[in-house]
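Secondary and tertiary structure notes
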Amino acid sequence: MDSDYTWDMSGYYGKYSFTEDRLTMRQVERIFQLEPEPPKAAFINDYIVTAVMERDYIYFSFFLHHYEGRLNGRIRSFLLQEGLDRYDPDRFLDYKMGCVLAMLEHLPDYNPDKGADFLTYIHHHVGNALLTCRMREEGGSFSSLDEYKAVRGIAWLYNEHESEQEAIARYAEQNGCSETIAAEYLAVARKNRNQVPFYATVQDEDGEETGEDVTRDDSWNYTDILWNGMQAKAVQAAFDKLSYREQIYLEKRNAICMTCGRVSPLSMRTTFDDLATMFEGSSASGAERAYRRALEKLTKNLVEAGALHVVELKRKSQRKKKQKIAAAVYEYRVDYDGEWGEISFDFVQGTAEIVKLAELDTVKSNLYANAAICEIISMPENARQKHFIVTI
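Small disclaimer: the values here were computed from a predicted structure and weren't measured.

1. Let's talk about helix α3 (residues 58–82)
- Taking 1.5 Å per residue, 25 residues should reach 36 Å; α3 reaches 33 Å between its end C-alpha atoms and fits that length.
- At Tyr67, α3 shows its maximal bend, which comes to roughly 55°.

2. Comments concerning the side chain of His65
- By the element assignment, His65 lies in helix α3.
- His65 sits in the buried class, given a relative accessible area of 7%.
- For His65, the contacting residues outside a window of four places in its chain are Phe32, Gln33, Leu34, Glu37 and Pro38.

3. Some details on the nonpolar core
- Counting 75 residues, the largest nonpolar core has Phe60, Phe63, Met103, Phe118 and Tyr332 as its most contacted members.
- Ranked by the residues each element gives to this core, the list is headed by α3, at 10 residues.
- Beyond its immediate sequence surroundings of up to four residues, Phe63 is in contact with Ile44, Tyr47, Ile48, Met103, Phe118 and Leu119.
- The next biggest cluster of nonpolar side chains, apart from the first, holds 23 residues, and it includes Ala276, Ala287, Val310 and Tyr336.

4. Quick look at the packing of aromatic side chains
- One pass over the structure, following the stated rule, counts 13 aromatic pairs.
- Look at Tyr171 and Tyr185: their rings are 6.1 Å apart centre to centre, the planes differ by 80°, and that puts the pair in the edge-to-face class. With Tyr171 in helix α7 (residues 164–175) and Tyr185 in helix α8 (residues 179–191), this residue pair connects regions lying 14 residues apart in the sequence.
- Its relative accessible area of 7% is what places Tyr171 among the buried residues.
- Residue classification places Tyr185 among the partly exposed positions, given a relative accessible area of 23%.
- In textbook terms, an aromatic cluster arises when at least three aromatic residues are bridged by ring pairs, as seen for Phe60, Phe63, Tyr67, Tyr110, Phe118 and Tyr121.
- We note Arg253 situated over the ring of Phe272; from NZ or CZ to the ring centre the distance is 4.1 Å.
- In this arrangement the basic side chain of Lys314 is found over the ring face of Trp340, its NZ or CZ atom lying 4.3 Å from the centre.

About the thresholds
Residues numbered from 1 in each chain as written. Predicted model: local features only at pLDDT ≥ 70, side-chain atom pairs only at ≥ 80, totals over all residues. Heavy atoms only, no water. Helix = DSSP H or I, 4+ residues; strand = E, 2+ residues; numbered from the N terminus. Expected span 1.5 Å × (residues − 1). Bend = angle between axes of the 7 residues up to and from the residue. Buried < 20%, exposed > 50% of the residue type's maximum accessible area, 1.4 Å probe, protein only. Contact = heavy atoms within 4.5 Å. Core = buried A, V, L, I, M, F, W, Y, C linked by side-chain atoms within 4.5 Å. Phe/Tyr/Trp six-rings, centres within 6.5 Å; stacked < 30°, edge-to-face > 60°. Lys NZ or Arg CZ within 6 Å of the ring centre and 35° of its normal.

Encoded structure:
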């Protein structure tokens, strides 16, 4: 690389300094940022075209400088859907480097004359890179990515249908294979079911469905899905403390049965209108409020049991620029207890500063505030509510 450019590995989030004994999320999310700024181009794809035409990969680094934020978002979305830790810097970096290696591998084959920009061309390959990283973390052994996709596909069908035979027949029909082969894939899926999750359709950065199958960690028990792999006994105990009405709200709205552990497709979940009808005298908005109160009560029970940590945030003030929120100050506290701290956000620069530590705690509150910062910075503006909870 040209000696005039260096990677931004400063290790600072605004004015807040992180420890230097290992990579932080701040560093991992900005690892391809260049100092000084690369030369400007009219379109991000111009860097790729120049890299291909001149065979100079410094232009690929310019591309990464501008694309890194969107790549971070895609990885976070994938890890969230998988039920994996989005705040583990080592894992995040592994997935990120897998995606970049896929881009580099296919860059020489990219032909800009065919009319598609590089992001469209590489989208499928990046998806495969994410799945490959996930496959390596699974408990089962797979001979290839194609086999892994096949196992995921039949696992999804098995979740959708009532019987094994129905899922096998449907998979064989859809994929033009014999039922014997489909049965073999299902056997692998069931053997690996504590790691093989069920599928959801992820959205890309523009909110459009990509058509990718992504999974969430599942052990045939909704508690492991809802709370990203937390111990089922702790969740069940917290659930049992709720009233009958609160339990029904949570089960019906999330299409689950906490008694048998059956998880139904979210398309079958009960609407707020139907929940209102079940409890006469309520409205749809009233049912939604009741559901969210039940969810918050369940969360508090889990916090009390030590099975979950949360950061509660309340917006204290905000500053708008061109009808968009440019900056805001949030009060925060950890695990619903103690004195409130304060975090100042600059959404234009993508930075944050902890103005006051909750309970003046430099250990626990400090750690969870860091996680909350990463969450809020990555959120779209319409998701930053006046009051919300970040689970850790």
